[in-house]
Amino acid sequence: MKKFILLILLCSCFSCKTEIRQSASTTVSPTRGLIAENAMVVSAREEASMIGLEIMKEGGNAFDAMMATEMALAVTFPFAGSLGGGGFMVYRKADGETGALDYREKAPLAATKNMYLDGSGNVDTKKSRFGALAVGVPGNIAGSFEAHARFGSLPVEQVLQPVIDLAKKGFVVSAKQEQSFNAYRRQMLEINNDTILFARVHRAGDTIRNLALAKTLERIVKNGRSEFYSGETAQKLVSFLQESGGIITLEDLEMYKAQWREPVTFSYKDLKIISMSPPSSGGIALAQIMKMIEPYPLQDYGHNSSKYIQVLTEAERRAYADRSQYLGDPDFVEIPTFQLTSVEYLHNRMDNFNFEKATPSSELNPGSIPGFESNETTHYSIVDSYGNAIAVTTTLNGAYGSKLYAEELGFFLNNEMDDFSAKPGVPNMFGLIGGEANAIAPQKRMLSSMTPTLVERDDHFWMSLGSPGGSTIITSVLQTILNVYEFDMTMQQAVDAPRFHHQWLPDEVLFEPAAFETSILNNLKSKGYHINEGQSRILGKVDAILRLENGSLEGGADHRGDDTAAGF
């Protein structure tokens, strides 16, 4: 009876102030997002947020809700949610303990440094972005089970049963999903050599049932983590990949382990920021940018003013230049985290900036560190009634990953191999430049921009946030924090505010279209900034939770997607 009631809740279209708020369909933000007294989930889909919330209503904690939300996104948000991807989690427990979990994908044992170069030494981007050869060893199941084993409180079968029920009963296609399916249908058909579940014509309002995924999840409930990495599911997955031209073996799956990491922790004025460590570049880049801008009076400049945009752009330019040189998998390369995030180094990095003229990226190199020579994602934030908070970002990399779909298992496979530097100096699909630190090697984790982040204020939890968006993730998280802290926005206003982005190369400032005053853009152009606001991709879809002064929680669900806050 309990499951029946939950299914009715999930499949109903209702709105209740203390339970759920459907994301806005326009760019106009409400004064406040959803307010809840006890617990909250904000994710890319209403069904996922509701399932995570219901698990906490049943007595589960944030880590139980993590597994439920993660798997529900695999059902309802195949654009980025999948058993075939990987991600990162940053957590803060009620007692103040913090940590990070790395379940990023890995290169297969048979991977080689030059595997994507043609006979002339040029990068064949199709091989690194489409089909089986682009797939890294998935980590999502390992990450979910690792977090649950250490911190979860409910049985796995109780956590995953609502997800299995949802996969069987189906989810309703949104208008945005209809557009997405249409946009990528041709590629799906080309890569899979046949029609697949998500390449069929689906209209808004249709229901999609994924019975294959339900069966896969049932086997995982019965056999645990090992089902995916050594059991029947593993064997089916390896056979499928190898028949499709891939190089992942059963040994690759059996060797995969999620890795606990120390998060990157730093201060910005009276805030303590806790963000993801390498192989994510997010925490270090965020620390660099925030420390570089800290001496500047941002409030005096005004939100999204010319001077504000200049300061952030110049700091971002320098941080992304350093990213290209120094960051990679810490299990393979030494990363100078302390030096890169030191105040002395970062303040010196801004020495050649002035407000009269842009610093051309062609004249800006990665900084000198003594001893060193050398798009698509989903985020969810959860706070439980016990005081635990997590920020989780997972990905398939590109939209629907490699576009390769395991029909018998019910999920897409990632194309994370493109996040390596296939050749130093050659950009990946997000235009990011990489170096030797991020070169391909067997069992190595590829560099990421995912930036799941928690913020403390006055030694208490204050904010959980993160975003999809490839290289724009870091700057989306940055601007959302600043919107609340420097400009007193509510969480919803901060999430919905127009955003901009710079990543060193290409040397352009990417603006959300029709969101910034023409006079401001013209002023920036006159100072040598290259402006791009035409046909620009969405600059992140931030999902965030803010703890208010009275202890209640405010959700910020990004209007740019179908994102939804749910709480009680």
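Computed from a predicted model, the values in this text were never measured in an experiment.

**Observations concerning the sheet that holds strand β19 (residues 531-532)**
Reading across the sheet, the 3 strands line up as β17-β18-β19 and stay open at both edges, with mixed pairing between neighbours. Two strands lie at the open edges of the sheet, namely β17 (500-501) and β19, each paired on one side alone. The pairing of strand β18 (residues 509-511) with β19 spans 2 bridges and is parallel. Residue pairing for β19: Val509 is matched across the bridge by Ile531.

**Focus on the pairing of strand β20 (residues 543-547)**
The side chains of a regular strand alternate, residue by residue, between the two faces of the sheet. In terms of residue burial, β20 counts as a mostly covered element, since 4 of its 5 residues are buried. Where β20 and strand β21 (residues 553-557) come together, 5 bridges link them in antiparallel fashion. Looking at the pairing, Ile545 lines up with Gly555 of β21. Between the antiparallel neighbours β20 and β21 lie 5 residues, among them Gly551 with a positive phi of about 95 degrees.

**So, helix α10 (residues 232-243)**
The end-to-end C-alpha distance of α10 is 17 Å, a good match for the 16 Å that 12 residues give at a rise of 1.5 Å each. All of the buried residues along α10 are Thr233, Ala234, Leu237, Val238 and Leu241. In a view along the axis of α10, the buried residues occupy a sector of 125 degrees, so they form one face of it. Looking at the packing, one finds that the buried side of α10 touches α8 (211-223), α9 (226-229), α11 (250-255) and β14 (411-412). Positive backbone phi, at 95 degrees, marks Gly245, one or two positions downstream of α10.

**Notes on the pattern of salt bridges**
In total, this model carries 31 salt bridges according to the counting rule given. The shortest N-O distance in the salt bridge between Arg261 and Asp329 comes to 3.9 Å. Pair noted here: Arg261 is in strand β8 (residues 259-261) and Asp329 is in the loop between α14 (306-326) and α15 (337-340), with a separation of 68 residues, a long-range link. For the pair Arg261 and Asp329, one class covers both residues: buried. Connected through shared salt-bridge partners, Asp102, Arg261, Asp329, Asp331 and Arg445 make up one network.

**Digging into the UniProt feature "binding site: L-glutamate" (unreviewed entry) in the protein chain**
Summarizing the sequence annotation, UniProt attributes the feature "binding site: L-glutamate" (unreviewed entry) to Arg104, Thr395, Leu396, Asn397, Asp419, Ser448, Ser449 and Gly470 in the numbering used throughout. Among the structural elements, Asn397 can be located in strand β12 (residues 389-397). Judged by its relative accessible area of 2%, Asn397 falls in the buried class. A polar contact is formed between the side chain of Asn397 and the backbone oxygen of Asn415, at a distance of 3.1 Å. On the secondary structure map, Ser448 appears in the loop between β14 and β15 (453-457). Contacts of Ser448, omitting those with residues within four sequence positions, involve Phe88, Arg104, Pro279, Ser280, Ser281, Gly282 and Arg323.

Conventions we followed
- Residues numbered from 1 in each chain as written.
- Predicted model: local features only at pLDDT ≥ 70, side-chain atom pairs only at ≥ 80, totals over all residues.
- Heavy atoms only, no water.
- Pairing = 2+ DSSP bridges.
- Helix = DSSP H or I, 4+ residues; strand = E, 2+ residues; numbered from the N terminus.
- Buried < 20%, exposed > 50% of the residue type's maximum accessible area, 1.4 Å probe, protein only.
- Expected span 1.5 Å × (residues − 1).
- Arc of directions from axis to C-beta.
- Contact = heavy atoms within 4.5 Å.
- Salt bridge = Lys/Arg side-chain N within 4 Å of Asp/Glu carboxyl O.
- UniProt positions renumbered as here; feature names shortened; annotations may be inferred.
- Polar contact = N/O pair within 3.5 Å; in protein donor to acceptor, adjacent residues only side chain to side chain.

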